[in-house]
Amino acid sequence: MTSPRTSSLSKSRFMAGLQCLKRLYLETYSRHLEDPRDQAAQAILDSGTAVGELARQRFPGGVLIEEEHDRHAQAAASTARAMQDDSIPSLFEAAFTFEGIRTRVDVLRRNDDGTHDLVEVKSSASAKPEHVADAAIQVYVLEGAGVAVSRAFVMHIDTSYVYAGGPYDLDALFRLQDVTNEVSAYVASLPTRLVPMWETLAQDYAPPIEIGRHCTSPYRCSFYGLCHQDLPDHYVDQLPYAKANLIQRLRSDGILDIGDIPEEFAAGLSPMQRRVREAVVEDLPYVGDGLARALDDIAYPLQFLDFETFSPALPAYPMTRPYQTIPFQWSLHVQDAAGELSHHAFLHDGTDDPREAFASTLLEAVAPEGDILVYHTYEKTITRQLAESLPSYQDALNALSERYVDLLALVRNHYYHSEFHGSFSLKAVLPALVPDLAYDDLDVREGSVASLYYARMIDPKMPETEREKLRQALLAYCERDTMAMVRVVEALRAARP
């Protein structure tokens, strides 16, 4: 039964309701309370749009229903007219309504027997359980509207495809995965699944659903900030590697702040979790006995290295695969034993594959002696992948990767500050250890945005003045990352016993 407050669900609202009924209610009635969409989230949406538009070329002769999503009635009328034309083999963004549920179909392919195949296009590398639910609500609506659906597919990107250059081979780039059986089973359950959604939408207030792991699964909820705004500063979810049952036990006992965890309960925590609790309770950093030795073991000149990469869904360079990680920038701060610093940087600004220039300039800039400090193992992984892609640099790059020292592991093993809030990422560690150095003054403040900026910078259509602004923003961000590591090491030296 439909709600007296809203005459329709939509595919996106249905998917929101599967994740959380409170999210469904808020998306329907209180969209103004959503978290602001950041650049990284927008980039993901833009990438999905580009993939969807390219995927249509896999179905020659198809016709696009052009009305925007907020003009559903008009789109449904255009769809009905197009469905009457047997010469149209496929429809894109076809619009249908059944029992108050609206949907737009990525691809509706006509079969010779009068039935249709539904194709849900995803920019992911595989078909996922939530994609089955997505396709199922569409099949439910189509069949209810009198459209016979023979098969259901999820069309996703095949990451084994190697781009040869020129136009994409769409048959190789996209994989059609038949999910008809899974969708049919899901459709049978839909009447039961829809009941609580309609009941929720008929209420005067959003349902009081507690926060939990569903807030980020399968996607981060767009109302995450709203539901988490009144939590304690050291909420129990900040305990590292805490499983859902542990958080639930604490919440059931009325314990929301790490500092309120009683001593007898703490005995069941892991050593890392006890360390975090003690730092909060005592309001003092944890400084491990091995910190001084770990710092003294690092050999000068100290070299602080950071990479920036991007992983385009649609391969940008010949002989690369979808989502293959391509390094395009590095920053290197070098500090000698006297404390003197020098800085070196590389940012590829051409439209060709940046990997060889990246590797050659990096090998030239790194000093032959001394340890190379990186934050996490990411740089090591990228360097080894680069070695596989560039046989002439293979030995040198593999030798370079053996000199890397993981600063994140050093911090995690020997130091904790309550202001880390359970995270050992550089963005969490820096403000606690070096409060006078931050990222707030930069246009780029995280790696995902750096990837976005680079993709824009190398776009041939980008005006030169804007391209230079992007370039300077990228250089400033990557340099800040390596300077942050320099300052973190200095702070750790000052903190050691």
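Residues numbered from 1 in each chain as written. Predicted model: local features only at pLDDT ≥ 70, side-chain atom pairs only at ≥ 80, totals over all residues. Heavy atoms only, no water.

Secondary structure summary: the protein contains 19 helices and 14 strands in total. Each principal axis of the C-alpha atoms in the protein carries an extent, and together these give about 80 × 60 × 40 Å. Put simply, the protein has 497 residues, and 48% of those count as buried. Residue pairs in contact within the protein that sit at least 24 positions apart in sequence constitute 69% of those at least 6 positions apart. Accessible surface, the protein as shown: approximately 23700 Å² in total, 50% of it carbon and sulfur. (Helix = DSSP H or I, 4+ residues; strand = E, 2+ residues; numbered from the N terminus. Buried < 20%, exposed > 50% of the residue type's maximum accessible area, 1.4 Å probe, protein only. Contact = heavy atoms within 4.5 Å. Areas by Shrake-Rupley, 256 points an atom, 1.4 Å probe, with all protein chains shown as cover.)

A few words on empty space enclosed by the protein. Scanning the model with the defined rule gives 1 cavity of 30 Å³ or more in all. In terms of lining, the largest cavity is formed by 14 residues, of which the most central are C20, H214, C215, C221 and C227. For the lining of the largest cavity, the secondary-structure elements that each account for two or more residues are α2 (21-29) and α8 (224-228). In terms of residue count, α2 provides more of the lining of the largest cavity than any other element does, 3 residues in total. Grouping the constituent residues of the lining of the largest cavity by class yields 9 nonpolar, 2 polar and 3 charged. (1 Å grid on protein atoms, 1.4 Å probe; cavity = no way out; pocket = protein on both sides within 12 Å on 5 of 7 lines; lining within 4 Å. Points joined across faces, edges and corners; volume = space filled by probe spheres on them. Nonpolar A, V, L, I, M, F, W, Y, C, P; charged D, E, K, R; others polar.)

Core analysis: the biggest nonpolar cluster contains 68 residues, and L407, V411, F420, L433, Y454, V488 and L492 have the highest contact counts within it. Sort the elements by how many residues they give to this core and helix α19 (residues 464-495) lands first, with 11 residues. For F420, the residues in contact, after removing those within four places along its chain, are V411, Y415, A428, V429, A432 and L433. By size, the runner-up hydrophobic cluster in this structure holds 39 residues, among which are A135, V147, V183 and M197. (Core = buried A, V, L, I, M, F, W, Y, C linked by side-chain atoms within 4.5 Å.)

This next bit is on the pattern of salt bridges. In this structure the tally under the stated criterion is 25 salt bridges. One salt bridge connects D481 with K427, and the closest N-O pair in it is separated by 3.6 Å. On the criterion of sequence distance, the pair formed by D481 in helix α19 and K427 in helix α17 (residues 426-433) is long-range, its members being 54 residues apart. Note that D459 and K461 form a salt bridge whose closest N and O atoms lie 3.4 Å from each other. (Salt bridge = Lys/Arg side-chain N within 4 Å of Asp/Glu carboxyl O.)

A few words on helix α3 (residues 39-55). Across its 17 residues, α3 extends 24 Å between first and last C-alpha, which sits within 8% of the 24 Å expected from 1.5 Å per residue. When α3 is considered as a whole, its buried residues turn out to be A40, A43, V51, G52, L54 and A55. Looking at the buried residues of α3, the elements they touch are β5 (116-121), β6 (149-157), α6 (170-173), β7 (174-178) and α18 (447-457). (Expected span 1.5 Å × (residues − 1).)

So, on to the environment of R13. Counting through the fold element by element, R13 comes out in helix α1 (residues 11-19). As for R13 and Y317, which are separated by 304 residues in sequence, their C-alpha atoms are 37 Å apart.

Now for unusual backbone geometry. A cis amide bond links S217 to the next residue, P218, at an omega of 5 degrees. Looking at where P218 falls in the secondary structure, it is placed in the loop between α7 (180-201) and α8. The residue after Y300, namely P301, is reached through a cis peptide bond having omega -5 degrees. Even without glycine at this site, E93 takes up a positive phi of about 60 degrees. Looking at the element boundaries, E93 is found in strand β3 (residues 90-98). Residue class for E93 comes out buried when judged on its relative accessible area of 15%. Its identity as a non-glycine residue notwithstanding, Y241 has a phi of 60 degrees, on the positive side. For Y241, the position within the fold is in the loop between α8 and α9 (244-252).

Another point: the side chain of Q19. Here Q19 is to be found in helix α1. For Q19, a relative accessible area of 11% translates into the label buried. For Q19, the residues in contact, after removing those within four places along its chain, are H214, C215, T216, S217, P218, Y219 and C221.

Bringing the sheet that holds strand β9 (residues 302-310) into the picture now. The sheet built from 5 strands is open, its strands ordered β11-β10-β9-β12-β13 with mixed pairing. Only two strands of the sheet have a single partner each, and these edge strands are β11 (341-347) and β13 (404-406). Across the sheet, the mean angle separating the axes of adjacent strands is 25 degrees when strand polarity is ignored. (Pairing = 2+ DSSP bridges. Axes fitted to C-alpha atoms, helices over the stretch in contact; angles between N-to-C directions.)

Below, the discussion takes up the packing of helix α14 (residues 378-389) against helix α15 (residues 394-401). Axis separation between α14 and α15 bottoms out at 8 Å; the angle between their running directions is 170 degrees. Overall, the two elements α14 and α15 adopt an arrangement that is roughly antiparallel. Two packed elements cross with a definite hand, and for α14 against α15 that hand is left-handed. Residues K380, T383, R384, L386, A387 and E388 of α14 form the contact with α15, whose own contacting residues are Q394, L397, N398 and S401. When the residues that make up the contact of α14 with α15 are grouped by side-chain class, the tally is 3 nonpolar, 4 polar and 3 charged. (Parallel < 35°, antiparallel > 145°, perpendicular 65-115°, else oblique. Left-handed = near helix turned anticlockwise from the far one by under 90°.)

All right, on to the pairing of β9 then. The buried fraction of β9 is high, at 9 of 9 residues. Side chains of β9 alternate between two faces, with L302, F304, D306, E308 and F310 and Q303, L305, F307 and T309 buried alike. Sheet topology note: the β9/strand β10 (residues 326-335) ladder contains 9 bridges and is antiparallel. Counted as the bridge partner of L305 is L332 from β10. Examined bridge by bridge, β9 and strand β12 (residues 372-374) share 2 bridges and lie parallel to one another. Directly across from F304, in β12, lies its bridge partner L373.

The next thing to look at is the layout of surface pockets. Estimated volume of the second largest pocket: approximately 310 Å³. Along the walls of the second largest pocket sit 15 residues, with I211, G212, R213, D237 and I247 positioned nearest its centre. With 4 residues, α9 is the largest single contributor of residues to the lining of the second largest pocket. Tallied by class, the residues present in the lining of the second largest pocket amount to 7 nonpolar, 4 polar and 4 charged.

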